[in-house]
Amino acid sequence: MSMLFKPTDLVVPFENLRMSDVESVGGKNASLGEMISHLPDGVKVPTGFATTAHAFRQFLKFGNLAERINAKLQTLDTEDVRALAQAGAEIRAMVEAQPFPGELESGIRQAFATLSEGNPLASFAVRSSATAEDLPDASFAGQQETFLNVIGIEEVLHKIREVFASLYNDRAISYRVHKGFAHEHVALSAGIQRMVRSDVGAAGVMFTIDTESGFSDVVFITASYGLGETVVQGAVNPDEFYVHKPMLRAGKRAIIRRNLGSKLLQMEFTTAQEKARNGKLVKTTDVPTEMRNRYSLTDADVEQLARYALVIESHYGRPMDIEWGKDGVDGQLYILQARPETVKSQVGNQVEHRYKLKGKGAVLVEGRAIGQKIGTGPVRIVHNTSEMDKVQPGDVLVTDMTDPNWEPVMKRAAAIVTNRGGRTCHAAIIARELGIPAVVGCGDATDRLKEGMLVTVSCAEGDTGFIYDGLLETEVSEVQRGTMPDIPVKIMMNVGNPQLAFDFCQLPNQGVGLARLEFIINNNIGVHPKAILDYPNIDADLKKAVESVARGHASPRAFYVDRVAEGVATIAAAFWPKPVIVRLSDFKSNEYRKLIGGSRYEPEEENPMLGFRGAARYISEEFGEAFGMECEAIKRVRNDMGLGNVQVMVPFVRTVEQARRVVELLAHHGLRRGDNELKLVMMCEIPSNALLADDFLEYFDGFSIGSNDLTQLTLGLDRDSGLALLAADFDERDPAVKSLIKMAIGACRKRNKYVGICGQGPSDHPDFALWLKEEGISSISLNPDSVIATWQQLAQA
């Protein structure tokens, strides 16, 4: 105990509470007192007061309430859902009917008078704070109640009794049994806190760690309009923001990724007339379309919240889960709660597994992935708590949204799928803690998925979770981390999907030898760049498609640049400060045609592999302005966002003249070789590149050997051909190919320049990787799943 109050005190102001008072006032209230008293003045935390665990026990003693409760709990089987519901309801009714002891009621009235300062219209939150809740090894994720917009002392007293009763909610009783907490050892504290007017502003949750991968160098923020309960409950799909801690500390533009949520609903205060009519303190209303289509926070707000998060994490010395609100009246940002993150930060030395689908089926539904696992089973659609008995062990629970009452049945499920909710909602938090894959915010899962349908729920493919038709085979491997033996060649990684970067960067690596823009353009943009540039002077259907994808951005052009920048920045931040070599877009014309609007702009080529691609495309009049958007994005990542570990790689440079022109063009767009330590690397993937290596190296700081294209162009083989007869001859180890690679390596070593390889060959052929090492290659960039094995083989050799 902090010694700022006596063990027998019944009511204590937040200012007198510290983290050492958890046993007296619970984790939430102790943390609020700790922050009010210890954080810098700039971090705003609304004040209030708490009833103590001693007060709760005095309340239970009054009228022999404790004995009556224990009699009902002693014989209860929490796996019997109906018996649990009946016992819980009876106990809660007993608690709510119990009067306060006189001394306790007097103490509450006095503290409330001081807090409200005589303002009869002042609004308060009444929250529970269980003395075992929010401890580092037990996330109760909303096990008890929160009441918002409580006005007047009589209403406050009534809500405190409801908070006390919530210790005996079905979910709380079940959770204590599941976690091994004895009922009589858990007491409840009520916190009465000034309301932040986020009902006319915005609110949400932030974590000082990536919730899915455990990557510790980002702050992850969710936000939506109105009171934050909609985000916590999973009633809305919120906006999401990732902020890179090192760049935030360096004063750079640190928001590396944004996702625009649908934000269909907002929770507001009820008016006095509405409260008198229906007794409700809050209501949900539809968010106007114009507000849905923009972000609920400004960039300045996001970065300010992230700075608060860093201060709080530093004070507590551990990853934190923080609720915040933006007051729509005074425009200020406030911290409402802070507790330890209790899932990823607890992994420690436990064995981790990586899940991978071995096949693909038809995608039935998609949403936000929670966790990184895969689950399979029959669909069980549950509309409300009365249908929870339907869910059997191994079923896939499909519902609109969950609340804490659902916890007893969630732990039976093989996977969870919801229509609504974001990554910080109740369903997501409980699914992570139980180790169950969940896909939230699907929109229409309860309509698209049918009862009894066999499905595969995959959260192993990045931010997006997919529900596939049928039971697909899954490969599970053990994740290996830690130090690796020293070898004379750097082992780097090929990364295309930014959404997997936070996970991949935790594997042993020495940077990214190939970061592809194609995945970003294909999956995060989806529209041909020239359609973006020609907007609004395009046909109606294409115009509608462009406007749809560009929602939340200043213009379609800004959307394109933002999305490329965010994709590159996510990879660069994940691997910071290690080098990340970003290859400029290398779509062929047939691949560009697959983008929305692509058929309007791209030629139909007989052999796109040898056609309009790479450097020839960049320096052309037809594509020059589109290329400029790519350059603008990379310049922003390096200069404005501070991620100077990004280096640039130019693919498919056919002639030395093309090399000269493309380097000049990059300089024109603000990517001048040598400025801000920028290195330009060229893909060595055409025989001419190796034959004239010295000439090409006049313009570049090194080569990255693309063994796939180099092999097909040396041997005259189409690597996309489906003919088995040709496939047998495709081998990067062919003497002719190795002769050209040897020339390229030799030329770079003679000039003391970088030379790496980023093709598939070293991943497929360990003997080829060993030969490259012996030839003196600087780095070998591998697919993530082959990094460990190849590294170990090279070390043994």
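Every value quoted in this text rests on a predicted model; they were computed, and no experiment measured them. (Residues numbered from 1 in each chain as written. Predicted model: local features only at pLDDT ≥ 70, side-chain atom pairs only at ≥ 80, totals over all residues. Heavy atoms only, no water.)

**Notes on the sheet that holds strand β2 (residues 48-51)**
Judged by pairing direction, the sheet is antiparallel, and its 5 strands sit side by side in the order β1-β2-β5-β3-β4 without closing on themselves. Looking at strand neighbours, the two that pair on one side only are β1 (11-13) and β4 (146-151), the edges of this open sheet. The mean inter-strand angle of the sheet, taken between neighbouring strand axes irrespective of direction, is 25°. By the bridge criterion, 4 bridges tie strand β3 (residues 123-130) to β4 in an arrangement that is antiparallel. Residue pairing in the sheet places phenylalanine 124 in a bridge with valine 150 of β4. (Pairing = 2+ DSSP bridges. Helix = DSSP H or I, 4+ residues; strand = E, 2+ residues; numbered from the N terminus. Axes fitted to C-alpha atoms, helices over the stretch in contact; angles between N-to-C directions.)

**Comments concerning a nonpolar patch on the surface**
Together, Leu691, Leu692 and Met743 line one region of the surface with nonpolar side chains, adding up to about 260 Å² of accessible area. Take leucine 691: its relative accessible area is 53%, and that puts it in the exposed class. (Patch = residues over 30% accessible without salt bridge, like charges linked within 9 Å, V, L, I, M, F, W, Y side chains within 5 Å. Areas by Shrake-Rupley, 256 points an atom, 1.4 Å probe, with all protein chains shown as cover. Salt bridge = Lys/Arg side-chain N within 4 Å of Asp/Glu carboxyl O. Buried < 20%, exposed > 50% of the residue type's maximum accessible area, 1.4 Å probe, protein only.)

**Side note on unusual backbone geometry**
The step from tyrosine 535 to proline 536 runs through a cis peptide bond, and the omega angle for that step is 10°. Each neighbour pair has its own omega, and for tryptophan 576 with proline 577 the value is 0°, a cis peptide bond. Inspection of the secondary structure puts proline 577 in the loop between α20 (556-575) and β25 (580-583).

**Quick word on helix α24 (residues 624-640)**
Because each turn of an α-helix spans 3.6 residues, side chains separated by three or four positions in sequence point in the same direction. Here α24 contains 17 residues, and its C-alpha end-to-end distance of 23 Å stays within 8% of the 24 Å for a straight helix at 1.5 Å per residue. Within α24, burial applies to Ala626, Phe627, Gly628, Met629, Glu630, Cys631, Ala633, Ile634, Arg636, Val637 and Arg638. Backbone geometry just after α24 places glycine 642 at a positive phi near 80°. (Expected span 1.5 Å × (residues − 1).)

**Regarding the sheet that holds strand β29 (residues 754-757)**
Pairing within the closed barrel is parallel, and its 8 strands lie in the order β23-β24-β25-β26-β27-β28-β29-β30. When strand polarity is set aside, the average angle formed by the axes of neighbouring strands in this sheet is 30°. With 3 bridges connecting them, strand β26 (residues 646-650) and strand β27 (residues 680-684) associate as parallel partners. Note on β27: the bridge partner recorded for valine 650 is methionine 682. Across the face of the sheet, α20 comes into contact with β23 (490-495), β24 (512-516), β25 and β26 while running at roughly 160° to β25. (Contact = heavy atoms within 4.5 Å.)

**Digging into the packing of helix α4 (residues 81-97) against helix α6 (residues 153-165)**
How two helices pack is summed up by the angle between their axes together with the distance between the axes. α6 packs onto α4 with a crossing angle of 150° between their chain directions and a minimal axis gap of 8 Å. With respect to α6, the element α4 is oriented roughly antiparallel. For the crossing formed where α4 meets α6, the hand is right-handed. Contact residues: Arg92, Val95 and Glu96 in α4; Arg161, Glu162, Phe164 and Ala165 in α6. (Parallel < 35°, antiparallel > 145°, perpendicular 65-115°, else oblique. Left-handed = near helix turned anticlockwise from the far one by under 90°.)

**Some words on the side chain of serine 458**
Locating serine 458 in the fold gives a position in strand β20 (residues 454-458). Among the polar contacts listed, one links the side chain of serine 458 to the backbone nitrogen of alanine 460, at a separation of 3.4 Å. Not counting the four nearest positions on each side in its chain, serine 458 is found in contact with Leu357, Lys373, Ile374, Val439, Thr464, Gly465, Phe466 and Tyr468. (Polar contact = N/O pair within 3.5 Å; in protein donor to acceptor, adjacent residues only side chain to side chain.)

**Brief notes about the confidence of the model for the chain**
Mean pLDDT over the chain works out to 91, with 95% of the residues at or above the 70 mark. The model gives residues 133-142 a pLDDT under 50, and that stretch makes 35 contacts with residues more than four places away or in other chains. (pLDDT = per-residue confidence, 0-100.)

**So, the side chain of threonine 230**
Position of threonine 230 relative to the elements: it lies in helix α8 (residues 229-233). Note on threonine 230: relative accessible area 1%, which makes it buried. Reaching out from threonine 230, the side chain makes a polar contact with the backbone oxygen of leucine 227 at a distance of 3.3 Å. Ignoring anything within four residues of it in the chain, the contact list for threonine 230 reads Tyr225, Ala235, Val236, Gln266 and Met267.

**Re the packing of aromatic side chains**
Counted according to the given criterion, the structure contains 14 aromatic pairs. With a centroid separation of 5.6 Å and 50° between ring planes, the pair formed by phenylalanine 241 and tyrosine 295 is classed as tilted. Of this pair, phenylalanine 241 sits in strand β8 (residues 239-244) while tyrosine 295 sits in the loop between α11 (289-292) and α12 (299-316), placing them 54 residues apart in sequence. Its relative accessible area of 0% is what places phenylalanine 241 among the buried residues. Looking at tyrosine 295, the relative accessible area reads 12%, which means it is buried. Here a set of aromatic residues connected by ring pairs shows up, and it is made of Phe56, Phe59, Phe100 and Phe164. Over the aromatic face of tyrosine 242 sits the side chain of arginine 257, whose NZ or CZ is 4.4 Å from the ring centroid. The residue whose ring lies beneath arginine 617 is phenylalanine 623, and the NZ or CZ to ring-centre distance is 4.9 Å. (Phe/Tyr/Trp six-rings, centres within 6.5 Å; stacked < 30°, edge-to-face > 60°. Lys NZ or Arg CZ within 6 Å of the ring centre and 35° of its normal.)

**With respect to the state of the cysteines**
Tallying each qualifying case throughout the model produces 0 disulfides. Just so you know, cysteine 442 is unpaired, no disulfide at all, and the nearest cysteine sulfur is the one on cysteine 459, 9.3 Å from it. Here cysteine 631 is not cross-linked by a disulfide; its sulfur's nearest cysteine counterpart is in cysteine 758, at 19 Å. With relative accessibility at 0%, the residue cysteine 631 sits in the buried group. (Disulfide = S-S within 2.5 Å.)

**Here's the deal with the pairing of strand β30 (residues 779-782)**
Where burial is concerned, the two faces of β30 agree: the one with Ser779 and Ser781 and the one with Ile780 and Leu782 are both buried. Pairing geometry for β23 and β30, over 4 bridges, is parallel. Residue pairing in the sheet places lysine 490 in a bridge with serine 779 of β30. Two elements, β29 and β30, share 2 bridges in a ladder whose sense is parallel. Bridged to glycine 756 within β30 is serine 779.

**Examining the environment of alanine 616**
Topologically, alanine 616 is positioned in helix α23 (residues 614-618). Taking relative accessible area as the criterion, alanine 616 reaches 18% and is therefore assigned buried. For the pair alanine 616 and alanine 659, spaced 43 residues apart in sequence, the C-alpha to C-alpha distance is 9.6 Å. Ignoring sequence-local partners within four residues, the contact set of alanine 616 consists of Arg654 and Gln658.

**Comments concerning the pattern of salt bridges**
Inspection of every chain in the model, using the stated rule, returns 55 salt bridges. The salt bridge involving glutamate 451 is made with arginine 380; its shortest N-O contact spans 3.5 Å. One end of the pair, glutamate 451, is in the loop between α15 (445-448) and β20; the other, arginine 380, is in strand β16 (residues 374-381), with 71 residues separating them in the sequence. In this structure glutamate 451 comes out as partly exposed when scored by relative accessible area, which is 41%. A salt bridge links arginine 563 to glutamate 566, with the shortest nitrogen-to-oxygen separation between them at 3.0 Å.

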